[in-house]
Amino acid sequence: ETKPRIPVIWMHGLECTCCSESFIRSAHPLAKDVVLSMISLDYDDTIMAAAGHQAEAILEETKEKYKGKYILAVEGNPPLNEGGMFCIDGGKPFVEKLKWMAEDAMAIIAWGACASWGCVQAAKPNPTQATPIDKVIKDKPIIKVPGCPPIAEVMTGVVTFVTTFGRLPELDRQGRPKMFYSQRIHDKCYRRPHFDAGQFVEEWDDEAARKGHCLYKMGCKGPTTYNACSTVRWNGGVSFPIQSGHGCIGCSEEDFWDKGSFYDRL
Ligand code: SF4
Ligand code: SF4
Ligand code: F3S
């Protein structure tokens, strides 16, 4: 309780802001406890009161005062085409602002599929050259927290780990925290007994769908998707896509947007 709170700078590139929407719905811990008691959220384009020069001044001040001690949380990614002009932030291309703030950061959190992999704005032919954070920043530790968006409690869980232990969680070889991304949706899916028994939904709203059988033949990507949806679930542990009757589209996997239809079988 007496430890100074870690400063966090939360920047937004090309994205839809639903990673923030997810974060503010965290139930364990509550997002308000993270923001008010665990970290010092000194800058966040979407929820801070400051604007314009006042907001930009916070970035300068953080770089000077907390050199090597702040976390840079990034939602979205920088488009590199035409000098980065497809995302201008504070009068500059976002990519410049990102590199500038990354220079003195302790570590970077890449929120969601946008920052981790590129997401839909990087879909072929990717006219803006939307580029994941780790392709632009090479000299800082990066924690990827993929998902579109990531689960709220996974986001706050990562922040809680870093603030409690003062170090990064153990990451897998793709840069994701092992504690949340080491199992496939399929490994813990409650419909798995139906998969094992060969009981599959063959058409939306058929008898098997009504009985809650496996969605594999409807294109469920659970067998190849690493995420915590079937254990942590969403909305404070209430449900997740498969529980609402739709297969997993693999939203935490690289290139999920370009891998063919969400309804194609694997
Ligand atoms: Fe939105 Fe998905 Fe990007 Fe998050 S990862 S900002 S939810 S498009
Ligand atoms: Fe696996 Fe999807 Fe079937 Fe669940 S619904 S058992 S994740 S294929
Ligand atoms: Fe995304 Fe699949 Fe979870 S679509 S939300 S990873 S069940």
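Residues numbered from 1 in each chain as written. Chains lettered and ligands numbered in written order. Predicted model: local features only at pLDDT ≥ 70, side-chain atom pairs only at ≥ 80, totals over all residues. Heavy atoms only, no water.

Visitor: Would you mind going over the environment of lysine 211 in detail, with residue names and values included?
Guide: Examined against the element boundaries, lysine 211 turns out to sit in helix α9 (residues 207-211). For the pair lysine 211 and valine 201, spaced 10 residues apart in the sequence, the C-alpha separation amounts to 8.9 Å. (Helix = DSSP H or I, 4+ residues; strand = E, 2+ residues; numbered from the N terminus.)

Visitor: Provide a residue-level description of the pairing of strand β1 (residues 6-12), including the pertinent values.
Guide: Look at any regular strand and the pattern is simple: side chains alternate between the two faces of the sheet. Burial analysis of β1 places seven of its seven residues in the buried class, the great majority of the element. The alternating pattern of β1 places Ile6, Val8, Trp10 and His12 on one face and Pro7, Ile9 and Met11 on the opposite face, and all of these are buried. Sheet topology places β1 next to strand β3 (residues 70-75); five bridges connect them, and they run parallel. When the sheet's bridge partners are listed, valine 8 is paired in β3 with isoleucine 71. (Buried < 20%, exposed > 50% of the residue type's maximum accessible area, 1.4 Å probe, protein only. Pairing = 2+ DSSP bridges.)

Visitor: Can you break down empty space enclosed by the protein residue by residue, with the values?
Guide: Enumeration according to the criterion identifies three cavities of 30 Å³ or more in this entry. Estimates place the volume of the largest cavity at around 100 Å³. Lining the largest cavity are 13 residues, and of these His186, Cys189, Cys214, Cys220 and Ile242 lie nearest its centre. For the lining of the largest cavity, the residue count by class is nine nonpolar, two polar and two charged. Roughly 80 Å³ of internal volume is contained in the second largest cavity. Residue lining of the second largest cavity: Ile6, Val8, Trp10, Phe23, Ile39, Ile71, Ala73, Ile109, Trp111, Val159, Val162 and Thr163, and that is the complete set. Only β1, β3, β6 (105-111) and α6 (152-165) provide two or more residues apiece to the lining of the second largest cavity. (1 Å grid on protein atoms, 1.4 Å probe; cavity = no way out; pocket = protein on both sides within 12 Å on 5 of 7 lines; lining within 4 Å. Points joined across faces, edges and corners; volume = space filled by probe spheres on them. Nonpolar A, V, L, I, M, F, W, Y, C, P; charged D, E, K, R; others polar.)

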